[in-house]
Amino acid sequence: MGTINVATNLQHVRDRVAAAERQANRAPGSVHLLAVSKTKPATLIREAWAAGQQAFGENYAQEAEEKVRALTDLAIQWHFIGPVQSNKTRGLANTMAWIHSVDRHKIAQRLSEQRHAELPPLNICLQVKLSDEATKFGVSPGELPALAAEVDGLANLRLRGLMAIPAASSEVTKQRAAFAQLRLLFEGLRENHPSLDTLSMGMSGDLEAAIAEGSNLVRVGTDVFGAR
Ligand SMILES: *Cc1c(COP(=O)(O)O)cnc(C)c1O
């Protein structure tokens with residue numbers, strides 16, 4: 001693998017997002033880009049920041065907290081997108097701006113209790129397990145409304161949206177079918193929770209399909225920072 005040029009990669013991903021917005025008749029700039037920096041060094045995050053990227057996503061609590069400490073001089077918006085273990089909630093509650101991967105009440109409750117009250121509320125997406133998914137993480141669609149109601153009642157959290165990681169497929173029709181499933185759940189839930197505004201779906205390999213189905217936040221790692 002050659003040297004990674006993060007600025008060039010970022011521009012390429014931004015161009016893909018803009019093209020997908022146009023293709024789907026979506027407003028320019030309506031899809032936000034989260035740069036997923038898991039396993040990559042803080043130096044590459046600095047390069048991405050210098051190229052104008054402000055939101056970064058991490059998957060592992062310890063690694064996330066180390067990078068937060070190493071990069072306190074930058075006003076990065078930190079997102080946690082990995083599985084949340086209950087013994088890791090305290091650190092995450094007070095370093096992250098967003099958690100995309102809440103899938104049970106106990107975790108949400110701990111995050112709310114541990115978030116310092118002087119901080120703004122922690123933005124929460126619920127991770128949904130779609131029907132064709134192999135992963136063991138995510139709330140089932142049937143249990144989603146109850147979990148959303150519980151999270152909505154917690155003082156230091158703000159329920160913002162849904163996230164999913166569909167089974168990888170190279171077929172665009174399959175990619176779109178999975179994303180359409182999440183979009184329908186999102187629209188249904190929004191009838192009772194009008195504050196929901198974030199549909200976190202799409203990664204390096206399927207961001208076009210996700211944007212076609214209404215994603216407004218794509219989480220891109222490989223195509224920004226190189227293979228892991
Ligand atoms: C790693 C990861 C990504 C980024 O995946 P790429 O295929 O590298 O773009 C996005 N979302 C989640 C939840 C991840 O764990």
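Above this text you will find the structure in question.
Residues numbered from 1 in each chain as written. Predicted model: local features only at pLDDT ≥ 70, side-chain atom pairs only at ≥ 80, totals over all residues. Heavy atoms only, no water.

Participant: How do you make sense of the overall build of the chain when you look at a structure like this?
Facilitator: Each helix and strand counted, the chain has 9 helices and 8 strands in total. When its C-alpha atoms are laid out on the principal axes, the chain stretches across 45 × 40 × 30 Å. Expressed as a percentage of the 228 residues in the chain, the buried residues total 48%. Sequence-distant contacts, at least 24 apart, represent 57% of the contacts inside the chain between residues at least 6 apart. Split by element, the accessible area of the chain, about 10,700 Å² in all, is 51% carbon and sulfur. If you average the places of the 25 positive and of the 24 negative side-chain charges in the chain, the two averages end up 3 Å apart. (Helix = DSSP H or I, 4+ residues; strand = E, 2+ residues; numbered from the N terminus. Buried < 20%, exposed > 50% of the residue type's maximum accessible area, 1.4 Å probe, protein only. Contact = heavy atoms within 4.5 Å. Areas by Shrake-Rupley, 256 points an atom, 1.4 Å probe, with all protein chains shown as cover. Lys, Arg positive; Asp, Glu negative; His and termini not counted. Charge placed at Lys NZ, Arg CZ, Asp CG, Glu CD.)

Participant: Looking at this structure, I do not really get unusual backbone geometry. What am I missing?
Facilitator: Glycine aside, residues mostly have negative phi angles, and peptide bonds mostly take the trans form. Non-glycine residue asparagine 25 carries a positive phi angle of around 55°. With respect to the helices, strands and loops of the structure, asparagine 25 is situated in the loop between α1 (6-23) and β1 (32-36).

Participant: Explain the nonpolar core here, please?
Facilitator: A general tendency of soluble globular proteins is for nonpolar side chains to be buried together. Of all hydrophobic cores here, the largest spans 60 residues; its most connected members are Met96, Ile99, Leu111, Ile124, Leu126 and Leu162. With sequence-adjacent residues up to four places away left out, isoleucine 124 is seen in contact with Ile99, Val102, Leu111, Val151, Leu157, Arg158, Leu159, Arg160 and Gly161. Residues Leu34, Val36, Ala55 and Leu217 belong to the second largest nonpolar core, which totals 5 residues. (Core = buried A, V, L, I, M, F, W, Y, C linked by side-chain atoms within 4.5 Å.)

Participant: Please explain the pattern of salt bridges as it appears in this structure.
Facilitator: In a structure, side chains of opposite charge can pair up when their charged atoms sit close to one another. Counted according to the given criterion, the structure contains 10 salt bridges. A salt bridge links aspartate 223 to arginine 16, with the nearest nitrogen and oxygen atoms 2.6 Å apart. Taken together, the residues span a long stretch of sequence, with aspartate 223 in helix α9 (residues 222-225) and arginine 16 in helix α1 at a distance of 207 residues. With relative accessibility at 30%, the residue aspartate 223 sits in the partly exposed group. Arginine 16 gets classed as buried once you look at its relative accessible area, which sits at 17%. What you see here is one network of salt bridges that share partners, running through Arg16, Glu208 and Asp223. (Salt bridge = Lys/Arg side-chain N within 4 Å of Asp/Glu carboxyl O.)

Participant: Just to check I follow, could you spell out the pairing of strand β8 (residues 217-220) for this structure?
Facilitator: Regular strands show a simple pattern: their side chains alternate between the two faces of the sheet. The alternating pattern of β8 places Leu217 and Arg219 on one face and Val218 and Val220 on the opposite face, and all of these are buried. Both β1 and β8 contribute to a ladder of 4 bridges, which runs parallel. Within β8, the position partnered with leucine 33 by the bridge is valine 218. (Pairing = 2+ DSSP bridges.)

Participant: Hey, could you run me through helix α5 (residues 105-114) in this one?
Facilitator: Because each turn of an α-helix spans 3.6 residues, side chains separated by three or four positions in sequence point in the same direction. Among the residues making up α5, those that are buried are Ile107, Ala108, Leu111, Ser112 and Gln114. In the core, the buried residues of α5 are packed alongside α4 (89-95), β4 (98-102), β5 (122-127), α6 (144-152) and β6 (157-163).

Participant: When you look at the site of the ligand in this model, what are you seeing that I'm missing?
Facilitator: Near the ligand you find Val36, Lys38, Asn59, Ile81, Ile165, Met203, Ser204, Arg219, Val220, Gly221, Thr222 and Arg228, and these make up its full shell. Contact between the ligand and lysine 38: an oxygen atom at 2.7 Å from a side-chain N or O atom of the residue. Contact between the ligand and serine 204: an oxygen atom at 2.5 Å from a side-chain N or O atom of the residue. When isolated, the ligand has an accessible area of 380 Å², and the protein chains bury 89% of it. (Near = heavy atom within 4 Å. Polar contact = N/O pair within 3.5 Å; in protein donor to acceptor, adjacent residues only side chain to side chain.)

Participant: Can you help me understand the environment of threonine 173 in this one?
Facilitator: Turning to its location among the elements, threonine 173 is positioned in helix α7 (residues 172-190). Judged by relative accessible area, which is 62%, threonine 173 ranks as exposed. Separated by 102 residues in sequence, threonine 173 and leucine 71 have C-alpha atoms that sit 40 Å apart.

Participant: Explain the environment of aspartate 103 here, please?
Facilitator: With respect to the helices and strands, the residue aspartate 103 is situated in the loop between β4 and α5. Sequence separation between aspartate 103 and serine 140 is 37 residues, and the spatial gap between their C-alpha atoms is 8.8 Å. Once you skip the residues sitting within four places of it in the chain, aspartate 103 turns out to touch Gln127, Phe137, Gly138, Val139 and Leu147. A distance of 3.0 Å separates the side chain of aspartate 103 from the backbone nitrogen of glycine 138, its partner in a polar contact.

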